[in-house]
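Letter by letter, the chains look like this.
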Amino acid sequence: MNFIPSEYSIKLNSRKLESFMVRKKGNYLLLFGLMLLISMSVFAQKQSASETVQSFYKFHLSRSGLFSLHEVKLRQRWFTSELNRLLLFELKREDEFTRKHPDEKPHFGDGFPFEPLEECVVGEKIIRNLYQTKEISVDSKRAVVEIKFFMPKECQSEKEDSLIDTLKIELLKTKNSWLINNWIYSDESKLSDDLKREKY
C-alpha cells in the first residue's frame, strides 16, 4: 500500500525545507561577514604609515574640504581619538564664534588645514594638487610621514618650481593600525597647538 502524503504534510515539509534554506542562507551570510571582517583586519595590519596617509588623502581630496561636523565624522576613522576630540572642540568654538560674529570668517573658514591653500584653476575648473608621500621615521608606536604637494602640470610654468609645500604627518600605532595624530607644517608649527590655542 503506497502512502499518499496529505496536503497538510506537504505544506509542513515545505515549511521545514523553507526554514532550513533560510537558516542555511543565514549561515552563509554570517560566514561571509566574518571572512570580510578578517580580511579587512589583515589589510589594516599590513598598511604602512605611508599607505594610511595615501588612503586618507585619496578620500580627503575627493571631498569639498569644507570644515564641518559631517566632514569631520567622515574622516574620523583615520584619526586618533585625541585628534578627533580636538577637531570636535574646534567646531564647537567655531559655532560660538559665528553666532557672535556672523559677518566674520571663522578660523578654518578656508576648510581643513591638511593641504596648501594654493590651487590650480583652469577656466572654472579646480585641478587638485599632486602629492607624494615618504616615511621619514618609524618605530613600533610612532611614525612620521612626509607629504610633498606639487602644482599640476596644467598650472606649471617652465621657470617655476612645481613644489608648493612640504608637510609632516605624525601617526600613532593603535590596535595594529596607523592613525593620524598631528600635522607638522613647514614652519614647524603643529595643528594640535593651533587647536589648543586659548583665544579663538
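Before reading on, note that the structure itself is shown above.
Because the structure is a prediction, the values reported are computed rather than measured.

Undergrad: Go over the side chain of E115 with me, naming the residues and quoting the values.
TA: Looking at the secondary structure, you find E115 in the loop between α4 (81-100) and β1 (120-122). Engagement of the side chain of E115 in a polar contact is seen with the side chain of H60, the distance being 3.4 Å. Aside from chain neighbours lying at most four places away, what touches E115 is H60, L61, R128, F149 and L167.

Undergrad: Explain the packing of aromatic side chains to me, using residue names and the numbers behind them.
TA: According to the stated counting rule, one finds 16 aromatic pairs in the structure shown. Residues F79 and W183 carry aromatic rings whose centres are separated by 6.1 Å and whose planes lie at 85 degrees to one another, so their mutual orientation is edge-to-face. You can see F79 sitting in the loop between α3 (69-75) and α4 and its partner W183 sitting in strand β6 (residues 177-184), a full 104 residues away along the chain. Taken as a pair, F79 and W183 share a single burial class, namely buried. In this structure an aromatic cluster arises from ring pairing among F56, Y57, F59, F67, W78, F79, F108, F112, F114, Y131, F149 and W183. Sitting above the plane of the W78 ring, R77 keeps its charged end 3.9 Å from the centroid. Across the ring face of Y200, the terminal group of R197 is positioned such that the distance to the ring centre comes to 5.1 Å.

Undergrad: Residues and numbers for the sheet that holds strand β4 (residues 142-150), please.
TA: Strand order in the open sheet formed by four strands is β3-β4-β5-β6, and the pairing between neighbours is antiparallel. Each end of this open sheet is capped by a strand with a single partner; those strands are β3 (130-138) and β6. Averaged over all pairs of adjacent strands, the angle between strand axes in this sheet comes to 30 degrees, irrespective of strand direction. In this sheet, β4 lies alongside β3 in antiparallel orientation, the contact comprising eight bridges.

Undergrad: Can you lay out the nonpolar core for me, pointing to particular residues and giving the numbers?
TA: With 29 residues, the main nonpolar core has Y57, F79 and W183 as its most contacted residues. Only α2 (49-60), α4, β4, β5 (163-174), β6 and α5 (191-195) provide two or more residues apiece to this core.

Undergrad: Can you tell me about unusual backbone geometry, naming the residues and giving the values?
TA: Most peptide bonds take the trans form, and the phi angle of most residues other than glycine is negative. The phi dihedral of K175 is positive, around 50 degrees, even though this residue is not glycine. As for its position among the elements, K175 is in the loop between β5 and β6. Residue K175 is classed as exposed on the basis of its relative accessible area of 78%. A positive phi angle, near 70 degrees, is found at N176, a position not held by glycine. Inspection of the secondary structure puts N176 in the loop between β5 and β6.

Undergrad: Tell me about the pattern of salt bridges, and please be specific about residues and values.
TA: Enumeration according to the criterion identifies ten salt bridges in this entry. The partner of R75 in a salt bridge is E71, and the shortest N-O contact between them spans 2.6 Å. With R75 and E71 both in helix α3, this residue pair falls four residues apart, about one helical turn. In this pair, the class of R75 matches that of E71, namely buried. Two residues, E90 and R197, come together in a salt bridge whose shortest N-O distance is 2.7 Å.

Undergrad: Break down α2 for me, with residues and values.
TA: The terminal C-alpha atoms of α2 lie 16 Å apart, and with twelve residues this matches the ideal 16 Å at 1.5 Å per residue to within 8%. All buried positions along α2 are accounted for by A49, S50, T52, V53, F56, Y57 and H60. Here the buried residues of α2 occupy an arc of 160 degrees about the axis, which is enough to place them on one side. Those residues of α2 that are buried lie in contact with α3, β3, β4, β5 and β6.

Undergrad: I'd like to hear about the pairing of β6, residue by residue, with values.
TA: Of all the eight residues making up β6, seven are buried; the element is thus mostly covered by neighbouring parts of the structure. With seven bridges joining them, β5 and β6 adopt antiparallel strand pairing. Bridging across to β6, I169 finds its partner in W183. If you look at the hairpin formed by β5 and β6, you'll find two residues sitting between the two strands, and K175 has a positive phi there, around 50 degrees.

Each value, and the rule that gives it
- Residues numbered from 1 in each chain as written.
- Predicted model: local features only at pLDDT ≥ 70, side-chain atom pairs only at ≥ 80, totals over all residues.
- Heavy atoms only, no water.
- Helix = DSSP H or I, 4+ residues; strand = E, 2+ residues; numbered from the N terminus.
- Polar contact = N/O pair within 3.5 Å; in protein donor to acceptor, adjacent residues only side chain to side chain.
- Contact = heavy atoms within 4.5 Å.
- Phe/Tyr/Trp six-rings, centres within 6.5 Å; stacked < 30°, edge-to-face > 60°.
- Buried < 20%, exposed > 50% of the residue type's maximum accessible area, 1.4 Å probe, protein only.
- Lys NZ or Arg CZ within 6 Å of the ring centre and 35° of its normal.
- Pairing = 2+ DSSP bridges.
- Axes fitted to C-alpha atoms, helices over the stretch in contact; angles between N-to-C directions.
- Core = buried A, V, L, I, M, F, W, Y, C linked by side-chain atoms within 4.5 Å.
- Salt bridge = Lys/Arg side-chain N within 4 Å of Asp/Glu carboxyl O.
- Expected span 1.5 Å × (residues − 1).
- Arc of directions from axis to C-beta.

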